[in-house]
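# Commentary on secondary and tertiary structure
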There are 2 protein chains.
Amino acid sequence: MKAEIVAIGTELLLGQIVNTNAQFLSRECAAIGVDVYLQTVVGDNEHRLLETFKLAASRADVVICTGGLGPTQDDLTKDVLAGFVGRELIIHEPSMTAITDMFQSRGIHMVESNRRQALMLADSDPLHNETGLAVGIAFTYEGTHFILLPGPPKEMKPMFSKYAVPWLQTKMTDEVPLYSKMLKFAGIGESNLEHQLLDLIAAQTDPTIAPYAKEGEVTIRITTRAQSAEEGEKKLQSTEEAIRSRLSEHLYANHDVPIEAVVVQLLAAKKLTLAVAESCTGGLLGDLITSIPGSSQPFLGGIICYTNALKHQLLSVPLEVLEGEGAPGAVSSETAVLLAEHISGKTGSDFGISITGVAGPSSSEGKPVGLVYIGFAQKNKPTQVIALQLSGNRESIKHRAAKSALYQLWKQLKDQ
Amino acid sequence: MKAEIVAIGTELLLGQIVNTNAQFLSRECAAIGVDVYLQTVVGDNEHRLLETFKLAASRADVVICTGGLGPTQDDLTKDVLAGFVGRELIIHEPSMTAITDMFQSRGIHMVESNRRQALMLADSDPLHNETGLAVGIAFTYEGTHFILLPGPPKEMKPMFSKYAVPWLQTKMTDEVPLYSKMLKFAGIGESNLEHQLLDLIAAQTDPTIAPYAKEGEVTIRITTRAQSAEEGEKKLQSTEEAIRSRLSEHLYANHDVPIEAVVVQLLAAKKLTLAVAESCTGGLLGDLITSIPGSSQPFLGGIICYTNALKHQLLSVPLEVLEGEGAPGAVSSETAVLLAEHISGKTGSDFGISITGVAGPSSSEGKPVGLVYIGFAQKNKPTQVIALQLSGNRESIKHRAAKSALYQLWKQLKDQ
């Protein structure tokens, strides 16, 4: 079943609000096997609304509209649609009663325009509004199903999930349900990942394999249709395994979580602790880790050693390593190793991670922007250090450096 | 000038990401006097893309597209548009060089598909991508202007503001130019701010005053049309002063910068240094500060003292303050004061800021989620501490706590 989502409201076209309704509805539709192939945002303008409805009806099996059901004069959705399909507007009595009761109970004078919120099209099904006054509507016109929902998310969401979805499912009895899974990768770029899966993606029929980029993350979504959840899971499983067999070093989760969540979970499960020494990331690594509830168990904290003075004073890196003729410098594997070992030693943590590099915009110590060293100290094991040459602006270099450090830690933890 | 915004990407239709690009572009278009009358979201599908371009070209003076410029096989925007307008795709050499250089410098094997990011239409103007690899494009076809931007916001935003807007303005020569200014506020909520400006907003004609919601920030945009930049500036100036006279304690900038940028600038100008002691923010304050180029001069670094053990070991907070019957505890003004004074003492910084609180989701030490203490130590001055009861989830509590700390510092600095 092909769906088009139409959001109505000039405030969206002025950029005053983000169209989160479209995301919610798209996600919910995908979950029940309705294919959203177009989203449209149109203002409170009679002519453009009519044009939009005509186009949508000609393209889609179901048109889901949000907004324009309120009491004011620029709430035109029902009026325009009534004109388009040639049905009159009638009062939905239960809604009318609810509206008058509300005004009476609050002792507010009810202005005539509030009656508009109880209007519905003749021969349409009302959709109950549990959290507001405007009644929703569902009806079918020349083979196209129309669903009208209020704009405010707190009214729209429950109305859609509780009343519109069941209504819609009675119209799609012949469809096979959809099942999907997210695979999350770290330590690999999107194009490189896709390159390694090229044959699988090219040969994909069922399940389908769709890569998509999310800021600083690489994710793949595999989707299939099946008669039962068990059958769906079985089909997804085999595709997941085919991908995992090629990319097990990068596939860190089969649901939508950031790598810091997986790392915190692994550390907690293994009762291991972590401390960080951050130079160029300036606290970002600690911020990412502490964004995860429960991180206070494995994460002890760390030191933001932004200056050489602090690297020396707080983390005992010898000045001759940091400065002077022929010294390795702050951005060096020597410094990364010492920072990682000393933060672990000072805090008594099982793991000590250090990040030192050049975030830019200008180079430092004659070293190029994007050069980053990550030190990785672990009790009773030799300290490791990796050098990265990252691209992007200051923000993305910091972000990639922090995510790379988390990736290194994940690789250690997953096999322990 | 009538604009249509076309966002391209199946991940939008699956509801995997929110279309924040459309909001950004709508807002920026409004700011330069371009009327966005429609937003469309279409998937990575050749046929539907073509239909969408045809329709948009028939309706709009300018079509602004985001997404589908990447290296992967489902990045079709340029190919489809080239077919539609009947122009061939050619390599933009500077972009090609940048791409190959990037891969060489990082020592990564460059897969053929990455060349696609350097493609542009014949007879089109390239739009420089400062933060990514895919080149943008601007051209005019049968009276309709097309602007192609990358999907990732961090690439799209600077490309639009720095390169697409000036290009577009050369096409709007007959319109009376629009001038606008952003006023940025801290330490005050949006509704409170609006309340204090209610009469001004109600009486507004020219310039207009529009509150401008942005995650964790309070911003007002004042806008006017004028024949010259001087005239525009003069009109904006008087409105700005009327607002400043009421909210000088909160108005920290009259252009779009985060408060951390203003704080770093003030510290550097006054040759003052800062160190931080972060508990519940876990490094976020340091991350915000170090997101500003040049922060390495005033910002020394700090300590992420996430556990009581580290508050004691690294910042010498007595255990009897942190734990035990009747102790103030880690989340207390006593601890905030000691953390601020000791981080300043240990690092020799002019200012020492501490943040300790309950980020949630669950309460701690029997203290409520959102309770945060900010300690503020300054050489030869009594240490101050403020208590905040913040609302929101873990992420927004961390964010608001860090921004509040920056606001306190800004208030100190602006009058020194």
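Bear in mind that the values here come from a model prediction, so they are computed numbers and not experimental data. (Residues numbered from 1 in each chain as written. Chains lettered and ligands numbered in written order. Predicted model: local features only at pLDDT ≥ 70, side-chain atom pairs only at ≥ 80, totals over all residues. Heavy atoms only, no water.)

### Side note on empty space enclosed by the protein
Evaluation of the coordinates by the stated rule reveals 5 cavities of 30 Å³ or more. In this structure, the largest cavity occupies an estimated 90 Å³ of space. Surrounding the largest cavity, 14 residues form its lining, Asn 19, Ala 22 and Gln 39 of chain A together with Asn 19 and Val 41 of chain B being those nearest its centre. Among the elements of the structure, α2 (20-32) and β2 (35-42) of chain A together with β2 (35-42) of chain B are those that each provide at least two residues to the lining of the largest cavity. By residue class, the composition of the lining of the largest cavity is 7 nonpolar, 7 polar and no charged. When its volume is computed, the second largest cavity comes out at roughly 70 Å³. Along its surface, the second largest cavity is lined by Leu 38, Thr 40, Thr 52, Leu 55 and Arg 59 of chain A together with Leu 38, Thr 40, Thr 52, Leu 55 and Arg 59 of chain B. Contributing elements (two or more residues each) for the lining of the second largest cavity: β2 and α3 (46-59) of chain A together with β2 and α3 (46-59) of chain B. In the lining of the second largest cavity, the residues fall into 4 nonpolar, 4 polar and 2 charged. (1 Å grid on protein atoms, 1.4 Å probe; cavity = no way out; pocket = protein on both sides within 12 Å on 5 of 7 lines; lining within 4 Å. Points joined across faces, edges and corners; volume = space filled by probe spheres on them. Helix = DSSP H or I, 4+ residues; strand = E, 2+ residues; numbered from the N terminus. Nonpolar A, V, L, I, M, F, W, Y, C, P; charged D, E, K, R; others polar.)

### Here's the deal with the sheet that holds strand β1 (residues 2-8) of chain B
Strand order in the open sheet made by the 12 strands is β6(A)-β7(A)-β8(A)-β3(A)-β1(A)-β2(A)-β2(B)-β1(B)-β3(B)-β8(B)-β7(B)-β6(B), with mixed pairing throughout. Both outer strands of the open sheet, β6 (125-127) of chain A together with β6 (125-127) of chain B, are each paired with one neighbouring strand and no more. For this sheet, the mean angle separating the axes of adjacent strands, direction not counted, is 20 degrees. Bridge count for strand β7 (residues 136-141) of chain A against strand β8 (residues 144-149) of chain A is 5 bridges, and the pairing is antiparallel. The residue of β8 of chain A that forms the bridge with Tyr 141 of chain A is Thr 144 of chain A. (Pairing = 2+ DSSP bridges. Axes fitted to C-alpha atoms, helices over the stretch in contact; angles between N-to-C directions.)

### Digging into the packing of helix α2 (residues 20-31) of chain B against helix α6 (residues 153-169) of chain B
Residues and elements named next belong to chain B. Two elements in contact, α2 and α6, have axes separated by 11 Å at closest approach and are oriented at 15 degrees. It follows from the interaxial angle that α2 and α6 lie roughly parallel. For the element pair α2 and α6, the recorded crossing hand is right-handed. Facing Thr 20, Asn 21, Phe 24, Leu 25, Glu 28 and Cys 29 of α2, the residues of α6 in contact are Pro 153, Met 156, Lys 157, Phe 160 and Ser 161. Considered class by class, the residues forming the contact of α2 with α6 number 6 nonpolar, 3 polar and 2 charged. (Parallel < 35°, antiparallel > 145°, perpendicular 65-115°, else oblique. Left-handed = near helix turned anticlockwise from the far one by under 90°. Contact = heavy atoms within 4.5 Å.)

### Some remarks on the interface of chain A and chain B
The interface is formed by 72 residues belonging to chain A together with 68 residues belonging to chain B. The junction of chain A with chain B conceals about 5600 Å² of combined surface from both sides, 58% of it contributed by carbon and sulfur atoms. Run the count over chain A and chain B and you get 2 salt bridges. Notably, a salt bridge pairs Lys 398 of chain A with Asp 287 of chain B, separated by 2.7 Å at the nearest N-O pair. Counting across the chain A and chain B interface gives 25 residue pairs in polar contact (both at pLDDT 80 or more). Examined bridge by bridge, β2 of chain A and β2 of chain B share 5 bridges and lie antiparallel to one another. Each bridged residue has a counterpart across the sheet, and for Val 41 of chain A the counterpart in β2 of chain B is Gln 39 of chain B. (Buried area = accessible area lost by both parts, 1.4 Å probe. Salt bridge = Lys/Arg side-chain N within 4 Å of Asp/Glu carboxyl O. Polar contact = N/O pair within 3.5 Å; in protein donor to acceptor, adjacent residues only side chain to side chain.)

### A closer look at the UniProt feature "domain: MoaB/Mog" (unreviewed entry) in chain A
Here, UniProt's "domain: MoaB/Mog" (unreviewed entry) annotation points to residues 4-171 of chain A. Across residues 4-171 of chain A, helical content stands at 42% and strand content at 23%; the span's end C-alpha atoms are separated by 16 Å. (UniProt positions renumbered as here; feature names shortened; annotations may be inferred.)

### A closer look at the pattern of salt bridges
Under the defined criterion, the tally for this structure stands at 38 salt bridges over all chains. For Arg 244 of chain A, the salt bridge goes to Glu 241 of chain A, with nearest N and O atoms at 3.8 Å. Residue Arg 244 of chain A and its partner Glu 241 of chain A are located together in helix α9 (residues 229-247), separated by 3 residues, close to a single helical turn. Overall, the relative accessible area of 26% leaves Arg 244 of chain A in the partly exposed class. On the basis of relative accessible area, Glu 241 of chain A is assigned to the partly exposed category, the value being 36%. Note that Asp 199 of chain B and Arg 246 of chain B form a salt bridge whose closest N and O atoms lie 2.8 Å from each other. Linking Asp 199 of chain B in helix α8 (residues 198-203) with Arg 246 of chain B in helix α9 (residues 229-247), this pair joins segments that are 47 residues apart in sequence. In this structure, a network of salt bridges that share partners links the residues Lys 181, Glu 233, Glu 240, Glu 241 and Arg 244 of chain A. (Buried < 20%, exposed > 50% of the residue type's maximum accessible area, 1.4 Å probe, protein only.)

### Quick word on the sheet that holds strand β17 (residues 381-389) of chain B
The strand order β17(A)-β16(A)-β15(A)-β13(A)-β14(A)-β14(B)-β13(B)-β15(B)-β16(B)-β17(B) describes an open sheet built from 10 strands, whose pairing is mixed. The sheet is open, and its two borders are formed by β17 (381-389) of chain A together with β17 of chain B, each paired with just one other strand. Each neighbouring strand pair of the sheet contributes to a mean axis angle of 15 degrees, computed without reference to strand direction. Sheet topology note: the strand β13 (residues 274-278) of chain A/strand β15 (residues 351-357) of chain A ladder contains 5 bridges and is parallel. Counted as the bridge partner of Ala 277 of chain A is Ser 354 of chain A from β15 of chain A. In the packing of helix α14 (residues 333-347) of chain B onto the sheet, contacts are made with β13 (274-278), β14 (299-305), β15 (351-357), β16 (371-378) and β17 of chain B, and the angle to β15 of chain B comes to roughly 145 degrees.

### Remarks on the pairing of β14 of chain B
Residues and elements named next belong to chain B. For β14, a buried count of 7 out of 7 residues is recorded, marking the element as mostly surrounded by other parts of the structure. Bridge count for β13 against β14 is 5 bridges, and the pairing is parallel. Counterpart to Val 276 in the pairing with β14 is Gly 302. Assessed by its sense of winding, the connection that carries the chain from β13 through helix α11 (residues 284-290) to β14 is right-handed. (Right-handed = clockwise from strand over helix to strand, strands pointing away.)

### Observations concerning the domain arrangement of chain A
All names here are of chain A. One can read the domain layout of chain A as domain 1 (2-169), domain 2 (178-253) and domain 3 (259-415). Measuring from the centre of the C-alpha atoms in domain 2 to the corresponding centre in domain 3 gives 31 Å. The partner domain 3 presents 8 residues to the 11 residues of domain 2 that form the contact. For the domain 2 and domain 3 pair, buried surface summed over both sides reaches about 750 Å², with 58% attributable to carbon and sulfur atoms. Scanning the region where domain 2 abuts domain 3 turns up 4 residue pairs in polar contact (both at pLDDT 80 or more). The dominant element in the side of domain 2 that touches domain 3, judged by the number of residues it contributes, is strand β12 (residues 251-253), at 3 residues. Broken down by class, the residue content of the side of domain 2 that touches domain 3 amounts to 4 nonpolar, 4 polar and 3 charged. (Domains from an automatic or database assignment.)

### Examining the side chain of Thr 307 of chain A
With respect to the helices, strands and loops of the structure, Thr 307 of chain A is situated in the loop between β14 (299-305) and α12 (308-313). Other than its neighbours up to four places away in sequence, Thr 307 of chain A contacts Ser 296, Phe 299 and Leu 300 of chain B.

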